[in-house]
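A structural walkthrough
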Amino acid sequence: MTANTEKLPGYFPVTVIMERRPATNRVWIDHVWAAIGVTAGNSQDPADKPRIAYVEDDVQLQFYSGYRVKLHVDECDSYYHNLMSSSPQCFVVVRQDDDDDVPRPFLVSLSFDEAHAYLEGDDDVFAVAIPPEVYRWTESFVLAHYCPQQLKKRKRKDWRKQETEQRNR
């Protein structure tokens, strides 16, 4: 088990792809933003400076690089269930500055639980496909660290017996 974990990097660098398109049938906003993908690796640009990659008919793609996916042993159960789902996903947590209307990626995670916690905190969370390299890295991490817990059937209590014992007291 230690031989596999020594070869695994502590994080995986990724780039988030955000899309801006015109808002249709919306009175108060001009554009709608969404995370549409994550690619493995990144350029040397810091995460706070997006690179415009594509513009056509008011649709714009921006690359946000400098993010790192980190895996934690105590989240292995969530990673396992994500990888075993019919469509494994990366979760991109996005926050919007008060100064402008441009949302920026804040975190990239592979944990259902972590994404749900940010969603409950009113952050925007987008689910996108996992790049194959990140999938294989996560799979190796889960195989090295995860041991599923054996499900135990709980023993049912006889409620009638408890009721009679309480009455007799």
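Above: the structure in question.
Here goes a summary of the coordinates provided. (Residues numbered from 1 in each chain as written. Predicted model: local features only at pLDDT ≥ 70, side-chain atom pairs only at ≥ 80, totals over all residues. Heavy atoms only, no water.)

1. Quick word on the nonpolar core
Definition in use: We call a set of buried residues a nonpolar core when its members are Ala, Val, Leu, Ile, Met, Phe, Trp, Tyr or Cys and they connect through side-chain atoms within 4.5 Å of each other. Three exposure classes are used, based on accessible area relative to the maximum for each residue type with a 1.4 Å probe and protein chains only: buried under 20%, partly exposed in between, and exposed over 50%. Under the scheme used here, helices are H or I runs from DSSP no shorter than 4 residues and strands are E runs no shorter than 2 residues, and both carry numbers assigned from the N terminus. We call two residues in contact whenever any of their non-hydrogen atoms come within 4.5 Å of each other.
Counting residues in hydrophobic clusters, the biggest one holds 28 residues, and the most contacted among them are Val14, Val16, Val69, Val92, Val108 and Leu110. Every element with two or more residues in this core is listed here: strand S1 (11–22), strand S2 (31–40), strand S4 (59–70), helix H2 (76–84), strand S5 (89–96) and helix H4 (132–145). The residues contacting Val14, other than those within four sequence positions of it, are Val38, Thr39, Gly41, Asn42, Tyr64, Ser65, Gly66, Tyr67, Val69, Val108 and Val134.

2. Quick word on the sheet that holds S4
Stated formally: Paired strands are those between which DSSP finds at least two bridges. Note on definitions: angles span 0 to 180 degrees between N-to-C directions of axes, and those axes are lines fitted to C-alpha atoms, for helices only across the stretch in contact.
Across the sheet, 4 strands lie side by side as S2-S1-S4-S3; this open sheet has antiparallel pairing. Where the open sheet ends on each side, the last strands, each with one partner, are S2 and strand S3 (51–56). Taking the axes of each pair of neighbouring strands and ignoring which way they run, one obtains an average angle of 25° across the sheet. As paired strands, S1 and S2 are joined by 9 bridges and run antiparallel to one another. In the sheet register, Val16 faces S2, and the bridge partner there is Val38.

3. Notes on the side chain of Glu19
Condition: Any pair of nitrogen or oxygen atoms within 3.5 Å is treated as a polar contact; in protein, a donor-acceptor pairing is required on top of that, and neighbouring residues in sequence qualify only through side-chain atoms on both sides.
Note that Glu19 resides in strand S1. What makes Glu19 buried here is its relative accessible area of 15%. Within the structure, Glu19 has its side chain in polar contact with the side chain of Arg21 (distance 3.0 Å). Residues contacting Glu19, with those up to four places away along its chain left out, are Val32, Trp33, Ala34, Ile36, Val59, Gln60 and Leu61.

4. A word on unusual backbone geometry
Its identity is not glycine, yet Asp57 carries a phi of approximately 50°, on the positive side. Relative to the elements of secondary structure, Asp57 occurs in the loop between S3 and S4. Of the residues examined, Asp57 reaches a relative accessible area of 68% and is grouped as exposed. Even without glycine at this site, Asp122 takes up a positive phi of about 70°. If you trace the backbone, Asp122 turns up in the loop between helix H3 (112–120) and strand S7 (124–129).

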